[in-house]
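Remarks on the overall topology
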Amino acid sequence: MWKTIQPAPPDSILGLTEEFKKDQNPEKVNLGVGVYKDDAGNTPVLRCVKAAEKKLLETEKSKSYLPISGDPAYGAAVQRLILGTESEVISSGRAATVHAPGGTGALRVGADLIHKFNPKARVWVSSPTWANHNGIFGAAGFEIASYAYYNAASRGLDFDRMYSDLEKVPAGDIVVLHTCCHNPSGVDLSPDQWQQIVALAVKKGWIPFLDFAYQGFGDGVKEDRFAVEQFAGAGIDCYVASSFSKNFGLYNERAGAMTVIVPSEAEAGVAMSHLKTVVRTNYSNPPAHGGLVAAMILNTPDLHAMWLQELVDMRNRIVNMRKALVNGLAQQGVEGDFSYIERQRGMFSFSGWSEEVVNRLRANKGIYMVGGGRINLAGLTTSNIEYVCAAVAEAMKS
């Protein structure tokens, strides 16, 4: 059958990494793929993860299947992390959580669950958004639409247009929102703006679907869950896809979660029953190791404290690279105000560099970034920052 079928196009981000690996330039720099790297250019295994894995290997007695929804201790730990230990949602049992294969798996589980009962709903994503949002919700059978988000002229949030667009979303439609560290722009809403969006969701009746992939990479674990807490407290249906890939460095363990927040405990039980059905027909039950590691860290005080400090260190390194990039561009005499890079949060930034500049950097200097100029700040190090800034200056003058 494959003789008459054309090859699918490569993934825009993972395909870029394959191209990077083939590049023979000894000074090449990958600013494309969304993984954290330390100042040596490595994606490290966190010390808390190593300690938890050691303890897990010493105590593990079976490799039997996990329950369909995952280990109960994992689900409880996820809820405490994304909602807060004192959350009324937890105490009243208004949430149902299943362990999913990473944040991507969580998004697909949530998408399939909603489509099962609301197939005619339209899914609204920000412009721009993570490219795979379109693929995931489209593959689940939804029509995709977009709402305004990023203002290319101001390099900031276009909140007025965003609010205006969301005001027109019909009741029952799904609105995908990045809770923090917006990917790809790095531009987030303020607490006051979030409260306005929550009130709008309540008023209009559309359903918020929160992508929470970068908790702790913005301002802190507690601060970054502000939007989740506000939607959870509004007493409406809400979906939260969370991930431990970034903040625990568990990229290849695929540890994520889909949490459905509803108005009552009885509704949470109904939601869980259908979540299990979706999981059963997709991957039956989740992979164990990453989830058990994350649960052990979150449930063990000394490991939890170690993790929080390592998360601070990762966040601070990215902030320092933002500052170094802005300063380095200024020292190279690059025209323009790049202070917006310092105001953005998380691993990503819309650099504002044209496609022409992006292509020159890749072809002439071995510096790889996603089309549109999105860069991963974690790909910058103290040893390559000068090379990158000089290359950008040269590319912009050509």
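Now for a description of the structure that goes with this document. (Residues numbered from 1 in each chain as written. Predicted model: local features only at pLDDT ≥ 70, side-chain atom pairs only at ≥ 80, totals over all residues. Heavy atoms only, no water.)

1. Here we look at the overall build of the protein
- Within the protein one finds 16 helices and 13 strands.
- Computed over the C-alpha atoms, the radius of gyration of the protein is 21 Å, within 12% of the 21 Å expected from 2.2 N^0.38 for a compact globule of 398 residues.
- Projected onto its principal axes, the C-alpha coordinates of the protein cover approximately 65 × 55 × 55 Å.
- Taking as baseline every contact in the protein between residues at least 6 positions apart, the subset at least 24 positions apart corresponds to 76%.
- As displayed, the protein offers around 17500 Å² of accessible surface, 52% of which is attributable to carbon and sulfur atoms.
- Looking at charge distribution, the protein has the averaged site of its 39 positive side-chain charges lying 4 Å from that of its 41 negative ones. (Helix = DSSP H or I, 4+ residues; strand = E, 2+ residues; numbered from the N terminus. Rg over C-alpha atoms; globule rule 2.2 N^0.38 Å. Contact = heavy atoms within 4.5 Å. Areas by Shrake-Rupley, 256 points an atom, 1.4 Å probe, with all protein chains shown as cover. Lys, Arg positive; Asp, Glu negative; His and termini not counted. Charge placed at Lys NZ, Arg CZ, Asp CG, Glu CD.)

2. Examining helix H15 (residues 355-365)
- Taken together, the buried positions of H15 are occupied by Val-357, Val-358 and Leu-361. Angular distribution of buried residues about the axis of H15 spans 105°; they occupy a single face of the element. With respect to the buried face of H15, the exposed residues turned more than 90 degrees away are Ala-363 and Asn-364.
- On its buried face, H15 sits against strand S12 (367-368) and helix H16 (385-397). (Buried < 20%, exposed > 50% of the residue type's maximum accessible area, 1.4 Å probe, protein only. Arc of directions from axis to C-beta.)

3. Describing the environment of Asp-173
- The topology assignment puts Asp-173 in the loop between helix H7 (159-167) and strand S7 (174-178).
- The exposure class of Asp-173 is buried, given its relative accessible area of 9%.
- Put simply, Asp-173 and Trp-206 are 33 residues apart on the chain and 5.1 Å apart in space, counted from C-alpha to C-alpha.
- Discounting chain neighbours no more than four positions away, the residues touching Asp-173 are Ala-121, Arg-122, Trp-124, Trp-206 and Ile-207.
- Engagement of the side chain of Asp-173 in a polar contact is seen with the backbone nitrogen of Arg-122, the distance being 3.1 Å. (Polar contact = N/O pair within 3.5 Å; in protein donor to acceptor, adjacent residues only side chain to side chain.)

4. Topic: a nonpolar patch on the surface
- Judged by side-chain polarity, Met-1, Trp-2 and Ile-5 come together as a nonpolar surface patch covering roughly 420 Å² of accessible area.
- As for its position among the elements, Trp-2 is in the segment before helix H1 (14-22).
- When its relative accessible area of 64% is taken as the criterion, Trp-2 is described as exposed. (Patch = residues over 30% accessible without salt bridge, like charges linked within 9 Å, V, L, I, M, F, W, Y side chains within 5 Å. Salt bridge = Lys/Arg side-chain N within 4 Å of Asp/Glu carboxyl O.)

5. Focus on unusual backbone geometry
- With an omega dihedral of 5°, the bond running from Ser-127 to Pro-128 counts as a cis peptide bond.
- Along the chain, Pro-128 falls in the loop between strand S3 (122-127) and helix H6 (131-139).
- Despite not being glycine, Arg-155 has its phi angle at roughly 60°, a positive value.

6. Digging into the sheet that holds strand S2 (residues 95-101)
- Read from one edge of the open sheet, seven strands run S2-S10-S9-S8-S7-S3-S4, paired in mixed fashion. The two strands at the open ends of the sheet, each matched to only one other strand, are S2 and strand S4 (143-148). Neighbour to neighbour, the strand axes of the sheet diverge by 25° on average, direction disregarded.
- Of the strands in this sheet, S4 and S7 touch H7, which is tilted by about 140° from S4. (Pairing = 2+ DSSP bridges. Axes fitted to C-alpha atoms, helices over the stretch in contact; angles between N-to-C directions.)

7. Looking at the pairing of strand S9 (residues 238-243)
- Most of S9 is tucked away: six of the six residues are buried.
- The alternating pattern of S9 places Cys-238, Val-240 and Ser-242 on one face and Tyr-239, Ala-241 and Ser-243 on the opposite face, and all of these are buried.
- Here four bridges tie strand S8 (residues 207-212) to S9, and the two strands are oriented parallel to one another. Residue pairing in the sheet places Phe-209 in a bridge with Tyr-239 of S9.
- Summarising the sheet, S9 and strand S10 (residues 255-261) pair through six bridges and their orientation is antiparallel. Its bridge partner lying in S10, Val-240 is registered against Thr-259.

8. Let's talk about empty space enclosed by the protein
- Taken as a whole and assessed by the stated rule, the structure comprises one cavity of 30 Å³ or more.
- Looking at the largest cavity, its volume works out to about 40 Å³.
- If you trace the largest cavity, you find it lined by Leu-81, Ile-82, Phe-212, Gln-215, Ser-242, Ser-243, Phe-244 and Asn-247.
- Elements supplying a minimum of two residues to the lining of the largest cavity: helix H3 (72-83) and S9.
- Its residues placed into classes, the lining of the largest cavity shows four nonpolar, four polar and no charged. (1 Å grid on protein atoms, 1.4 Å probe; cavity = no way out; pocket = protein on both sides within 12 Å on 5 of 7 lines; lining within 4 Å. Points joined across faces, edges and corners; volume = space filled by probe spheres on them. Nonpolar A, V, L, I, M, F, W, Y, C, P; charged D, E, K, R; others polar.)

9. Structural notes on the side chain of Ser-349
- Mapped onto the fold, Ser-349 is located in strand S11 (residues 348-350).
- You can call Ser-349 buried: its relative accessible area is 0%.
- Those residues within four positions of Ser-349 in sequence are excluded, and the remaining contacts are Pro-184, Ser-185, Arg-322, Ile-341, Gln-344, Gly-373, Arg-374, Ile-375 and Leu-377.

10. Some thoughts on the layout of surface pockets
- In this structure, the second largest pocket encloses a volume near 340 Å³.
- Lining the second largest pocket are 19 residues, and of these Arg-80, Thr-85, Val-221, Arg-225 and His-304 sit closest to its centre.
- Broken down by element, the lining of the second largest pocket gets its largest block of residues, four residues, from H3.
- Of the residues contributing to the lining of the second largest pocket, the split by class is seven nonpolar, six polar and six charged.

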